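Structural characterization, general
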Amino acid sequence: MVITGAPSESVTARKLTTAKAMVEAISQEMDRDPSIFVMGEDIGAYGGIFSSTSGLLEKFGPQRIMDTPISETAFMGLATGAAVEGMRPIVELMFVDFFGVCMDQIYNHMAKIHYESGGNVKVPVVLMTAVGGGYSDGAQHSQCLWGVFAHLPGMKVVVPSNPYDAKGLMISAIRDDNPVIYMFHKGVMGLPWMAKNPRSLGPVPEKPYEVPIGRAAVVRTGRDLTIVTLSLSVHHALDAADELASQGIDCEVIDLRSLVPLDREAVLESVAKTGRLLVVDEDYQSFGLTGEIAAVVAEKDPRLLKAPVSRLAMPDIPIPYSRTLEYAVLPTAERIAAAARLVMA
Amino acid sequence: MVITGAPSESVTARKLTTAKAMVEAISQEMDRDPSIFVMGEDIGAYGGIFSSTSGLLEKFGPQRIMDTPISETAFMGLATGAAVEGMRPIVELMFVDFFGVCMDQIYNHMAKIHYESGGNVKVPVVLMTAVGGGYSDGAQHSQCLWGVFAHLPGMKVVVPSNPYDAKGLMISAIRDDNPVIYMFHKGVMGLPWMAKNPRSLGPVPEKPYEVPIGRAAVVRTGRDLTIVTLSLSVHHALDAADELASQGIDCEVIDLRSLVPLDREAVLESVAKTGRLLVVDEDYQSFGLTGEIAAVVAEKDPRLLKAPVSRLAMPDIPIPYSRTLEYAVLPTAERIAAAARLVMA
Amino acid sequence: MDNETRLGLYKTMVLSRSFEEAILRDYHADKKPVWDIGAGLIPGEMHLSSGQEPVAAGMCAHLTSNDAITATHRPHHFAIAHGMDLRLLAAEIFGRETGLGKGRGGHMHLFDPSIHFSCSGIIAEGYPPALGIAFAFQRQGKDSVVVAVTGEGAANQGAFHESLNLAALWKLPVVFVIEDNDWAISVPRDASTSIRSNAVRATSYGIRGTRIQDNSVEGVWDAAKTAVERARAGEGPSLIEVHTVRLWGHFEGDAQAYRSDLDSLIDPIPAYANQLESDGVLSREMIGSISQEAKMRVEDAIEFAKSSPLPSATEVDRYVFA
Amino acid sequence: MDNETRLGLYKTMVLSRSFEEAILRDYHADKKPVWDIGAGLIPGEMHLSSGQEPVAAGMCAHLTSNDAITATHRPHHFAIAHGMDLRLLAAEIFGRETGLGKGRGGHMHLFDPSIHFSCSGIIAEGYPPALGIAFAFQRQGKDSVVVAVTGEGAANQGAFHESLNLAALWKLPVVFVIEDNDWAISVPRDASTSIRSNAVRATSYGIRGTRIQDNSVEGVWDAAKTAVERARAGEGPSLIEVHTVRLWGHFEGDAQAYRSDLDSLIDPIPAYANQLESDGVLSREMIGSISQEAKMRVEDAIEFAKSSPLPSATEVDRYVFA
Ligand SMILES: Cc1ncc(C[n+]2csc(CCOP(=O)(O)OP(=O)(O)O)c2C)c(N)n1
Ligand SMILES: Cc1ncc(C[n+]2csc(CCOP(=O)(O)OP(=O)(O)O)c2C)c(N)n1
Ligand SMILES: [Mg+2]
Ligand SMILES: [Mg+2]
C-alpha cells in the first residue's frame, strides 16, 4: 500500500491534465523505444476523440501513429500479432462500450496466448479505452465495464484517476510484457469541452516514471469508514469525504488504480482499521467490483466489519440518456455521502 | 425459495437426459406457438453439437429449424430483429466461449432495446449456449462465463443443472418477454460420448411446465454449512455433501438455477441458519459469482457468518488443456469437500 | 418522374433540414460561455445529417409505414423521411418522458414501432437486426421491406459482411444503403477502404450493387425503386451506395481541423430547389412557403418537447425488464 | 516444376498423413469400450486435416522458417508442412510438459515462435493476428510473409472481411488461404455462402483472388508462388481458395450422418503418387520407403510424447503473466 497518489507540490510545480499526462508518457516511451506504435480510430489528425493522442501524429508521423478503418477485430488482432513479433503496440478502442465487436481478439487471443504457449510467446500490448458517463451519451457510450475485463484472465487492468497516475501507469503499462487494458474515464481527462473535476489538472513530473501496476493508493486517511473506489469516483469520494469530515465522519479513501492485479492487502489493512466499508463503483453493481471487494473482506474475516458492507454502484440497468435519470444512478458525491452516513448510522 | 429441484419419483417415472428434456421443451412450445423458430450452427441435421436440438429438424422442417453460416453477429442480430417484429427466436451460440465475436449484438442490442425504447419494444429471444469444461477442450472451449452475462444488464440468465429444471426453465425462457440466456453445461446434458454425472438422467413430466426464473432450489438441506452453486457443480457439491455427511458435516446445497434475477433471499435464509458459506463456481473467481454471493451476505449482515466465506472457483487463469492441469483447477467433489472441511475447521 | 414526386422529395428534405437547424440552435443555445457537452437542454453527442437528406428522401419515398428502417448514430433524416412523429422525436432528443423512449434512449436510440424504425450508435450493428425484421416480414407473409443504413466507414466492419452474406443466402427483403460522406469522423474514405466503390462489394454476395455518384435525390429515388421492388417481389437484397456530403461536423463541437474539403461542399437542398425551379416545378414563393410550413411543424415539435415533463428519477429502473 | 520439388511436395503430404494416422490411432485407442471424449492419452476435440495436405504442402513449399503461418482448429498439416518439430507437436497433443505449450495449449493452440507458427480454435480469428505479424515484418524491414488460413465456413465471419480490407489498405505481406472442404461441420458450403467461389471476394478489396478447383498440390504450389512473391515484393496481399476435401469427420467422433458425399471422396495422396509414378518421378519402392521414413519419424515423436512427463499440477498458474 502506498500512501500517495501524487508527489507533493514542492517536487513538481508543473501541472498537466490527465490527457496531456498520458500523451507525454506515450511520447517519452516512443522516443526511447522505436518498436512502440499507436493505432486506433481518429488517433492521428484528430488526436483521439478524448485527446489521448494529441500531437503524436505531428511528432512521430503516420508510420507510427496510424488511423485505422472502423474494424476493431482486425486492428486488435493486428496489435496482438505485432506484439508477438516483438513490437509494442498501443491500441485505442475509442469507447469501451464497443468491446463487443472485437472481444474475441481481446480475451481469447491477446489475453490467452502467453499461457497457451507455455510462456513462450509474449504479448506486450497496451489497449487504452475511454470509459464512463455523466454527459448524456446514452446506453451504448457511457459504460465502465471494467468488471468484465477484470473477470477474464490474462490481462492486467489499470484505471488511473489523476494526471500523475495516468502518466506513471501508462509508462508501466507500456513497459509491461503483458497485455494491459488502460481505462481512462472521460471525466478525469481534463477536456476543455466537458465538465471536469478540478483534480483532472495536477502536478506531473517531466521525467518518465513508473507507477507500479497492482498497488492501490490511500488518497485520504481516515478512522471511521473505508471508501474503496477508482477512476472518476475517487474524486466524488474525496468531495464526499470533505463534506462528511465537517459532519464528524472521518473517511479513508482508497483509489484502487488497478483491478488486475488487485491490491487486496490495501483494502484489508484499511478495513481492519476502520471496521466499515463502502465500495463505490460506476460500473454495474452485480457480479462486479463491488462484490469482489466485499468478498475480499468476507473471506478474510467478516468480524473485521462493525457494520454491513455498503455498495454504491451503477444499478443493473442500461444507462439512461436523460440527465435526470442518469444522475439518479451515477455515484455522485451526494449519493456517496448519503451512503456513508447510512453505514455509520 | 423452493425446496425442490425435481418432482418426487412417484409423480413421474419417465426419465430423460437433460438434452432430451431441453428438446422436449422446445418441441412442445413450438407446437403451441408458430412464431417460435430455432437457429444456429449445426442445429439442423446435426441436432446441435451437444444434442440440444436433436430431432427438431425432422419434426419441424427447415423453415423453422435453420442452420446458419458461421456469422454469429449476423444471426444474433437476426434473432433480435425477428423478436422485435413479433417472433420468438431461439438462437444457439455453439459454445459460450465464442461470445466475443457477437457480444455487441447481445449486450448492446438484444439486452438494451427494451429499456432504450422506454418499454415500447420487446425482445423475447432465448439465447442458448453450451458452457463448461472437464474434457480437455482447452482455453477457448471450456469456459462458463456466466459472470460476464450476469454483470451486464437487460438479460435474464438461467443455468439448469438437471433434466427437470432444464425443461421447465426452457419453457419459462421461451414464454418470457425478455431476452433470456440459457446456459447448459455439457457435463449435465447426458451425452453418450462424454463422462456424465448420474443425475444427468432424471424424471421429467411429459406435460409442459414452467420452472420460475429467479428462484433457487435447496437441493439438499443441512445445518452446518451452506454450499451455494449452480450447473454441473451442483452435482459435485451433492457428491461432496454425501462424503461430508459421513464425516459429520451436514451441508445445505443451493442450486441457484438463475443468476439474473438472483435469488438473494434463498442464500440469506440458508446462511442465517448455517452461519457458514462456501460458494462453488466453475466460472473464473474474481469479479464474478463467488464475489457477488459473498457480498449478498456481507451487505446484509456479516454477523450471520460464524466463519469466513470460502470461495472455490476456477482460478483467474486461462483453462489449461492437459487433464492434470485442468483437474487441478476444476471444482471437483474432492476439492469441494476439502474446502468445506476448511470452513468447518 | 412526376412533379408531385419531385415536390415530395424536396419537401421531405426541407423538413429534415429545418428540424436539424432547430436542433442545432437549441443544442448550442445553452452550452455557453464554456461549452460543455453534458450541459444544456440537449446534452450528449449530436450527429446531424444535414447534406445527406437526398439519401433518406429518395429511399423512403418508396416505403410505407409497414416497411422498416434500421438507421445509424446519424438517424434524423431517415426518421423524418420515414414519417416519424416530430413531436415524439424532439421530445426524445430533449430527454422527456413524452419522447419515443421516454427519455431513456436519446438521439442515437430511437425506436418507433409504429413505423418499424430503429437505430443504433454502434457502427454497422444496425445491419444484423435488419435481417431479423426482414425475416419476420418474410415469414409473416408480408411484402414489407427493410432499409438498412450505414456509413462508408461502417462498410469495413465485420457485421457488414456477415449481414450481406446472410441476407443474400436467405433472400431476405433488405435494401442495404451506404451513405458515403467521404469521412468517418476524421478518417477519409481512402484511409479506411481498400477500393473506390462499395457497390463492388455486392459481387461478393451475388447481389446487385449500385453507386450514386452525385448525391442526387432523384438518382437515389431511381435506384431505390428497383431495389425496393425487387425486395418486395422476393428477389432478395440489394446494395446502394450514395456519394453524399456531411455539411457539418461529425458531431456538434467537432472543429473539423482535419478537413480540407470544406470549401467545395455542395448543399443538395438549394441545388435541388434550383433544378426544380428551372424545371418549372417550384417557384420562389413555393420555396418560401414550404420552408415556412416545415419550420412551423418543427417549432411545434420543439415546443412540445420543451414543455413536456422530464422523466421521474424514481422511475429510472422501469423498463429494464418487460 | 522440377522433380525434386514434386517429390518434396509428396513427402510433406505423406509425413502429415502419417502423423495424423498415428494420432487417430492413439486418440481412439483408449476411449473404449464406452467412448468418452475426455478420456484417454489424448482427450478433447480432435480435428484432423487428412485430405487437405495439398493446401499446406503447396503453400509452405515457398516459405522458410522466417515466414509465418496462422492456422485454424485443424492445424496439423500446416504445422508439419511449415517444419514444426514433430516431437514438440506430439508432446503438446499428449498434454505433456515437453510440448510446445507445456501442455497448456493443446492441439488447437500450437505456438512455435521458432517458425512463427500459431493457430486458434475460434473461426476466422487467426486472420487478424496475421495482419500484425505481417505489419511487424514490414516495419522490421524483413521480406518475410504470412500465410493466414481459414476454412470456407470461416469466410462468412466478420473477421475475414475486416482483415482483407486492412491488409489490402496497408499492403501487408499476407497470403489469405481458404480451405474449401465443402463442409463447416455439418453445414454444406451452399447453405453458408451466397456465392460459389470465395476468390470472387478478393474483388471487394482490390486484390488478386484465385480458386484452385481440384485439390491439386501443384495447382496450389503455382498459385502460392505468385502470391508469396508478390507479398515479398511489397505488392500486398492475395487470396487463394482451394477446393479440397475433408476425408474424415469434422472432429473425431463425428458420425457424419449428415454427409452424402462420402463415397465420392478422392484421397489426394495416392492420386498424386499415381501421377508422379506415371511421370516417372516416383517408383513403388520409393513410395514404400517414403512412407516408412515418415512413420519412423512419427513414431519417434509419439514415443517422445508418451514418455514425457505430464505438467505438474502445482505449476498450473505459471505463465498466466510474463
Ligand atoms: C463499433 C464502433 N466503432 C467505433 C465507433 C465510433 N464512431 C462513431 S461514428 C464513427 C464514424 C462512422 O463513420 P461512417 O460509418 O462513415 O458514418 P458517418 O459518421 O460518416 O455518417 C465512429 C468511428 C462506434 N460507434 N462503433
Ligand atoms: C466463432 C466460432 N464459431 C463457431 C465455432 C465452432 N466451429 C468450429 S469448427 C467449425 C466449422 C468450421 O468450418 P470451416 O471454416 O469450413 O473449417 P473446417 O472445419 O471445414 O476445416 C465451427 C462452426 C468456432 N470455433 N468459432
Ligand atoms: Mg462517413
Ligand atoms: Mg470447411
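Residues numbered from 1 in each chain as written. Chains lettered and ligands numbered in written order. Predicted model: local features only at pLDDT ≥ 70, side-chain atom pairs only at ≥ 80, totals over all residues. Heavy atoms only, no water.

Moving on: the overall build of chain C. Secondary structure summary: chain C contains nine helices and eight strands in total. Here the C-alpha radius of gyration of chain C, 19 Å, is about what a compact globule of 322 residues would show, namely 20 Å. Dimensions along the principal axes, computed over C-alpha positions, put chain C at roughly 55 × 55 × 40 Å. When the accessible surface of chain C is totalled, it reaches about 10500 Å², and 51% of it is carbon and sulfur. Here chain C holds 29 positive side-chain charges and 42 negative ones, and the gap between their average locations is 3 Å. (Helix = DSSP H or I, 4+ residues; strand = E, 2+ residues; numbered from the N terminus. Rg over C-alpha atoms; globule rule 2.2 N^0.38 Å. Areas by Shrake-Rupley, 256 points an atom, 1.4 Å probe, with all protein chains shown as cover. Lys, Arg positive; Asp, Glu negative; His and termini not counted. Charge placed at Lys NZ, Arg CZ, Asp CG, Glu CD.)

Another point: the relation of the copies chain B and chain A. For these two chains of identical sequence, chain B goes onto chain A by a turn of 180° and a shift of 0.0 Å along the axis, with RMSD 0.0 Å. Such a turn and shift between the copies fits a two-fold axis. When C-alpha positions in chain B are compared against the rotation axis, the closest is assigned to Gly-291 of chain B, at 2.4 Å. The share of interface residues of chain B whose copies in chain A are also at the interface is 98%, consistent with both copies meeting through the same surface. (Least-squares fit on C-alpha atoms with pLDDT ≥ 70 in both. Contact = heavy atoms within 4.5 Å.)

On to the site of ligand 2, then. Around ligand 2, the structure places 21 residues, and the nearest of them are Glu-72 of chain B together with His-73, Arg-74, Asn-181 and Trp-183 of chain D. Chain contributions to the surroundings of ligand 2 come from chains B and D. Relative to its unbound accessible surface of 580 Å², ligand 2 loses 98% to contact with the protein. Cavity membership is defined here by more than half of the atoms lying within 2 Å of grid points; on that basis ligand 2 lies in the largest cavity. Here the shell around ligand 2 is composed, by residue class, of ten nonpolar, seven polar and four charged. (Near = heavy atom within 4 Å. 1 Å grid on protein atoms, 1.4 Å probe; cavity = no way out; pocket = protein on both sides within 12 Å on 5 of 7 lines; lining within 4 Å. Sits in = over half its atoms within 2 Å of the grid points. Nonpolar A, V, L, I, M, F, W, Y, C, P; charged D, E, K, R; others polar.)

A word on the domain arrangement of chain A. Residue and element names in this part refer to chain A. Looking at the assigned domains, one finds that chain A contains domain 1 (15-203) and domain 2 (217-344). Computed from C-alpha coordinates alone, the two centres of domain 1 and domain 2 are separated by 26 Å. Contact with domain 1, which involves 29 residues of that partner, is made by 26 residues of domain 2. With both sides pooled, the region where domain 1 packs onto domain 2 buries about 2300 Å², and carbon together with sulfur makes up 55% of that total. The largest share of the area that domain 1 buries against domain 2 comes from Ser-136, Trp-146 and Arg-199, three residues that together contribute 25% of it. Where domain 1 meets domain 2, there are two salt bridges. Arg-257 is the salt-bridge partner of Asp-165, the closest N and O atoms lying 3.1 Å from each other. Inspection of the domain 1/domain 2 interface yields 19 residue pairs in polar contact (both at pLDDT 80 or more). Mapped by element, the contributors of at least two residues to the side of domain 1 that touches domain 2 are α6 (146-151), β6 (156-158) and α7 (163-175). Among the residues making up the side of domain 1 that touches domain 2, the classes are represented as 13 nonpolar, 13 polar and three charged. (Domains from an automatic or database assignment. Buried area = accessible area lost by both parts, 1.4 Å probe. Salt bridge = Lys/Arg side-chain N within 4 Å of Asp/Glu carboxyl O. Polar contact = N/O pair within 3.5 Å; in protein donor to acceptor, adjacent residues only side chain to side chain.)

All right, on to the coordination of the magnesium ion (ligand 4) then. Coordination of the magnesium ion (ligand 4) by the protein involves Glu-152 of chain D (OE), Asn-181 of chain D (OD1) and Trp-183 of chain D (O), with metal-donor separations of 2.1 to 2.2 Å. A relative accessible area of 11% places Trp-183 of chain D in the buried class. (Donors = N, O, S within 2.8 Å, 3.2 Å for Na, K, Ca; no water. Buried < 20%, exposed > 50% of the residue type's maximum accessible area, 1.4 Å probe, protein only.)

Listed by partner, the interface residues are 53 residues for chain B and 52 residues for chain A. Taking both partners together, chain B and chain A bury about 4400 Å²; carbon and sulfur atoms supply 62% of that area. On the chain B side of the interface with chain A, the three residues burying the most area are Tyr-115, His-151 and Phe-287 of chain B, jointly 20% of the side's total. Remark: the boundary between chain B and chain A carries four salt bridges. Arg-311 of chain A is the partner of Glu-299 of chain B in a salt bridge, and the nearest nitrogen-oxygen pair spans 3.1 Å. Inspection of the chain B/chain A interface yields 31 residue pairs in polar contact (both at pLDDT 80 or more). Elements with a contribution of two residues or more to the side of chain B that touches chain A: α4 (103-110), α5 (113-116), α6 (146-151), β13 (277-284) and α10 (289-300) of chain B.

Residue and element names in this part refer to chain C. Taken together, Glu-152 (OE), Asn-181 (OD1) and Trp-183 (O) make up the protein donors of the magnesium ion (ligand 3), found 2.1 to 2.2 Å from the metal. Spacing between the donor residues of the magnesium ion (ligand 3) along the chain follows E-x28-N-x1-W. Note that Glu-152 is positioned in the loop between β3 (146-151) and α6 (158-169) and Trp-183 in strand β5 (residues 183-184), a separation of 31 residues in sequence. Overall, the relative accessible area of 1% leaves Glu-152 in the buried class.

All names here are of chain D. Counting buried positions along strand β8 (residues 238-243) yields six of six residues, so the element is predominantly enclosed. Taken together, the six bridges between strand β4 (residues 174-180) and β8 define a ladder with parallel strand orientation. Paired with Ile-178 across the strands is Glu-241, a residue of β8. Relative to β8, strand β7 (residues 208-212) runs parallel, the two being bridged by five bridges. (Pairing = 2+ DSSP bridges.)

The subject of this paragraph is the environment of Val-200 of chain D. Counting through the fold element by element, Val-200 of chain D comes out in the loop between β6 (187-188) and β7. With relative accessibility at 31%, the residue Val-200 of chain D sits in the partly exposed group. Each C-alpha atom, one on Val-200 of chain D and one on Thr-210 of chain D, is 8.1 Å from the other, the two residues being ten residues apart in sequence. Residue contacts for Val-200 of chain D: discarding those within four places in its chain leaves Thr-203 and Ser-204 of chain C together with Ile-195 of chain D.

This part is about the interface of chain D and chain B. Contact residues are listed per partner, giving 46 residues for chain D and 36 residues for chain B. A combined buried area of about 3100 Å² lies between chain D and chain B, and 62% of that area is made up of carbon and sulfur atoms. For the chain D face of the interface with chain B, the top three residues by lost area are Ile-122, Gln-157 and Val-316 of chain D, together amounting to 16%. At the surface where chain D touches chain B, the tally comes to 18 residue pairs in polar contact (both at pLDDT 80 or more).

With that settled, consider the layout of surface pockets. All names here are of chain B. Considered as a void within the structure, the largest pocket measures approximately 530 Å³ in volume. Lining the largest pocket are 33 residues; nearest its centre among them are Tyr-46, Gly-48, Ile-49, Ser-51 and Trp-193. The element that contributes the greatest number of residues to the lining of the largest pocket is helix α1 (residues 18-32), accounting for three residues. Partitioned by chemical class, the residues of the lining of the largest pocket number 17 nonpolar, ten polar and six charged. (Points joined across faces, edges and corners; volume = space filled by probe spheres on them.)

With that out of the way, let us pick up α1 of chain B. Relative to the 21 Å expected for 15 residues at 1.5 Å per residue, α1 of chain B spans 21 Å between its end C-alpha atoms, a close match to the ideal helical length. What α1 of chain B keeps buried is the set Thr-18, Ala-19, Ala-21, Met-22, Val-23, Glu-24, Ala-25, Ile-26, Ser-27, Gln-28, Glu-29 and Met-30 of chain B. (Expected span 1.5 Å × (residues − 1).)

Turning our eyes to something else, we now look at the sheet that holds strand β12 (residues 258-260) of chain A. Residue and element names in this part refer to chain A. With mixed pairing, seven strands are arranged side by side in an open sheet as β3-β2-β4-β5-β7-β6-β12. Only two strands of the sheet have a single partner each, and these edge strands are β3 (65-67) and β12. Along the sheet, successive strands turn relative to each other by an average axial angle of 20°, direction set aside. Of the strand pairs in this sheet, strand β4 (residues 88-95) and strand β5 (residues 126-131) are connected by five bridges, and their pairing is parallel. Pairing of Glu-92 across the sheet is with Met-128, part of β5. Of the strands in this sheet, β2 (36-40), β4 and β5 are in contact with helix α3 (residues 72-84), which crosses β4 at around 160°. (Axes fitted to C-alpha atoms, helices over the stretch in contact; angles between N-to-C directions.)

Turning next to the site of ligand 1. In the vicinity of ligand 1, 22 residues are found, and the nearest of them are Glu-72 of chain A together with His-73, Arg-74, Asn-181 and Trp-183 of chain C. A distance of 2.8 Å separates an oxygen atom of ligand 1 from a polar backbone atom of Trp-183 of chain C. For ligand 1, the accessible surface in isolation is 580 Å², of which the surrounding protein chains cover 98%. Assessed atom by atom at 2 Å from the grid points, ligand 1 resides in the second largest cavity. Of the residues assigned to the shell around ligand 1, the class counts are ten nonpolar, eight polar and four charged.

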